[in-house]
Amino acid sequence: MSRFMSARFSSLEEYVPGEQPRDMQYVKLNTNESPFPPSKEVIDAINLEEVSKLNLYPDPTAKGLKERLAARYGFGVENIFVSNGSDDILNFAFMAFCDKNCGVAYPKISYGFYEVYAALYSIDAKEIALKEDFSIDIRDYFNAGRTIVIANPNAPTGLLLSKEDIKKILDANKDNIVLIDEAYIDFGGESCVELVHEYDNLLVVRTFSKSRCLAGARLGFAIASKELIQDLEKIKFSTNPYNINRISLLAGEAAIDSDSYYFDRAKEIMAAREFTVTELKKRGFTMTDSYANFIFAKHNKICGEEIYLKLKSRGVLVRHFSKTEITEYNRITIGTKEQMQVLINAIDDILEKKGCAK
Ligand code: PMP
C-alpha cells in the first residue's frame, strides 16, 4: 500500500475472484461461467460497423437494451436498470440503500462480495448464520430493520428459497429494501421478479454472465419500482454514466432476442448437473440440492482442500473456500457433459490412488 492510500481503506480486504491460471489448459469449473459460447445472434450483432464507432461514447441511457429487457420481463423501461455486470449493481445498491443509519443483513455463507461492499462503505453488517443443512431460516430476516441482501439460489450452496418465502420476507420488512440477487435463477429456480408489481421495497438483480453465456461482456440488470431505479441511476450518473460499452450493449440486445438458445443451454446444464450429482454420490460425495449452475460437494473421506489440489494437478479447476464452516466442500461449476466426465475420471483416479475407490 502506498503512503497516499486513504486511511478509510487501509484495512479493507478486497474480493478475491476465482483463479484464472495461464500455466496450462484447465477444465475450468471454478467461476460459474457458461461452457457454451453466446448465441449466433450475439456473435453476428458484434459487427465491424459498431467497432468502427468505438471513437464515440456509448448511449448512457442504454435505451435499446432497457427496452428489450422491459418487453421480455413485462415491465416498463422505467423499471429497468442496466450496468457493467451485476457486481456493479450490487455496488450501487450498497451505496444507495445502506449507510450509517441503515445497516445490511445477509447470510453468513453467501456471495463473498457482500461483505466487501459493506466494509468498503463502512456499513454495519449483520451476517446471519445458515441452518446446519446450509438452508436459510426466513424468520431470521423478519423485521430486520436494515437492508436485506439474499442470493437466490444462494452461492455457494445452490439452495433455493421459494417465491412464497421471499414474499414473507418482503411482508415482514415493508420499510426496508430487500435485494434478491438472482444471478443463478435460470437453472431451475422460480424468479420473484413478478413481485416487483406488488412490492416497492423489492430490488431484483440479474446477470447476463451465467445463463446468457456473456460473462466476458460484463452485463447485469435490475428490476424494481421506478423510484428505486431512479436512485440507482442517480448513483450511476454520479460515478460512471458510460458504464456499458457499445459492444456489450449490442451483445445484450441480441442475447434477449435469442432467449430460446439460452433456455436450451440452461436445460443442458441442468441435465449435466443431474449426471454429476448421481456420479459423485456413487463415489462417496454428499451435496446440497443445487438449483444453480454449480454444485457444492464434500467427500466422506478426503478433505475439501486435498480434493481441490489433486483436481488442479490433474487439470480440473474447482473453487475451494477457506471459511471454516465450508472448508470440507468444493464448489464445482457445471460445464458440458464431456467436461463433467473429465471431472469424474479425475475423481476416480484420486480415489483409486488414495485406496478409497468405489
Ligand atoms: N451475484 C452472485 C451470487 C454471483 O455469484 C456473482 C458472480 N460471481 C455475481 C453476483 C456477479 O456476477 P456478474 O458481475 O458477472 O454479473
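Residues numbered from 1 in each chain as written. Predicted model: local features only at pLDDT ≥ 70, side-chain atom pairs only at ≥ 80, totals over all residues. Heavy atoms only, no water.

J.: Whenever I open this one, the overall build of the chain confuses me. Can you help?
T.: Scanning the chain from N- to C-terminus turns up 11 helices and 12 strands. A globule of 358 residues ought to have a C-alpha radius of gyration of about 21 Å, and the chain, at 21 Å, matches this closely. Taking all 358 residues of the chain together, 54% fall into the buried category. Taking contacts inside the chain between residues at least 6 apart in sequence as the whole, the part at least 24 apart equals 72%. For the chain, the distance from the average position of its 46 positive side-chain charges to the average position of its 52 negative side-chain charges is 3 Å. (Helix = DSSP H or I, 4+ residues; strand = E, 2+ residues; numbered from the N terminus. Rg over C-alpha atoms; globule rule 2.2 N^0.38 Å. Buried < 20%, exposed > 50% of the residue type's maximum accessible area, 1.4 Å probe, protein only. Contact = heavy atoms within 4.5 Å. Lys, Arg positive; Asp, Glu negative; His and termini not counted. Charge placed at Lys NZ, Arg CZ, Asp CG, Glu CD.)

J.: Sorry if this is basic, but what is going on with the pattern of salt bridges here?
T.: A pair can form between side chains of opposite charge whenever their charged atoms are brought close. Scanning the model with the defined rule gives 31 salt bridges in all. Between Glu49 and Lys53 there is a salt bridge, with the nearest N and O atoms lying 3.7 Å from each other. Take Glu49: its relative accessible area is 54%, and that puts it in the exposed class. Across the pair Asp259 and Arg72 runs a salt bridge, and its minimum N-O distance is 2.2 Å. In this pair, Asp259 is assigned in helix α9 (residues 259-282) and Arg72 in helix α3 (residues 63-73), connecting sequence segments 187 residues apart. Judged by its relative accessible area of 22%, Asp259 falls in the partly exposed class. (Salt bridge = Lys/Arg side-chain N within 4 Å of Asp/Glu carboxyl O.)

J.: What am I meant to see in the sheet that holds strand β5 (residues 147-151) here?
T.: In a beta sheet, neighbouring strands are held together by backbone hydrogen bonds and run either parallel or antiparallel to one another. Taken in spatial order, the 7 strands of this open sheet run β2-β8-β7-β6-β5-β3-β4, and their pairing is mixed. Both edges of this open sheet fall to β2 (80-83) and β4 (125-128), since each of them pairs with a single strand only. Along the sheet, successive strands turn relative to each other by an average axial angle of 20°, direction set aside. Pairing of strand β3 (residues 104-107) with β4, which is carried by 4 bridges, proceeds in the parallel orientation. (Pairing = 2+ DSSP bridges. Axes fitted to C-alpha atoms, helices over the stretch in contact; angles between N-to-C directions.)

J.: In this structure, what is going on with the site of the ligand? I would like to understand it.
T.: Neighbouring the ligand are the residues Gly85, Ser86, Asp87, Tyr111, Asp181, Ala183, Tyr184, Thr207, Ser209, Lys210 and Arg218. Within the side chain of Ser209, a nitrogen or oxygen atom sits 2.6 Å from an oxygen atom of the ligand. Within the side chain of Arg218, one N or O atom sits 2.7 Å away from an oxygen atom of the ligand. Within the complex, 91% of the 400 Å² of free accessible area of the ligand lies under protein. (Near = heavy atom within 4 Å. Polar contact = N/O pair within 3.5 Å; in protein donor to acceptor, adjacent residues only side chain to side chain. Areas by Shrake-Rupley, 256 points an atom, 1.4 Å probe, with all protein chains shown as cover.)

J.: Sorry, what's going on with the nonpolar core here?
T.: Residues Leu69, Leu202, Phe208, Leu280, Leu311, Ile332 and Leu343 are the most contacted members of the largest nonpolar core, which totals 87 residues. When residues no more than four places from it in sequence are discounted, the contact partners of Phe208 are Leu65, Leu69, Cys213, Leu214, Ala215, Leu219, Gly220, Phe221, Gly252, Ala255 and Ile256. Membership of the second largest hydrophobic core comes to 28 residues, among which are Phe97, Tyr117, Val149 and Leu203. (Core = buried A, V, L, I, M, F, W, Y, C linked by side-chain atoms within 4.5 Å.)

J.: Would you mind going over the sheet that holds strand β10 (residues 294-299) with me for this structure?
T.: On the basis of which strands lie adjacent, the open sheet formed by 3 strands has the order β9-β10-β12 and antiparallel pairing. Two strands bound the open sheet, and with one partner strand each, they are β9 (285-287) and β12 (330-333). Going from strand to strand, the sheet's axes swing by 40° on average, the running direction of each strand aside. With 3 bridges connecting them, β9 and β10 associate as antiparallel partners.

J.: How do you make sense of helix α6 (residues 163-171) when you look at a structure like this?
T.: Among the residues making up α6, those that are buried are Lys163, Ile166, Ile169 and Leu170. Around the axis of α6, the buried residues are gathered within 115° of arc, so they sit on the same side. Looking at the packing, one finds that the buried side of α6 touches β5, β6 (178-181) and β7 (202-207). (Arc of directions from axis to C-beta.)

J.: Would you explain a nonpolar patch on the surface in this entry?
T.: Nonpolar side chains collect at one region of the surface, where Leu48, Val51 and Leu54 lie side by side and expose about 310 Å² of accessible area between them. Take Val51: it is sitting in helix α2 (residues 48-51). (Patch = residues over 30% accessible without salt bridge, like charges linked within 9 Å, V, L, I, M, F, W, Y side chains within 5 Å.)

J.: Where do I start with a negative patch on the surface in this structure?
T.: Taken together, Asp175, Asp200, Glu227 and Asp231 make up a surface patch of like negative charges. Tracing the chain through its elements places Asp231 in helix α7 (residues 226-237). A relative accessible area of 33% places Asp231 in the partly exposed class.

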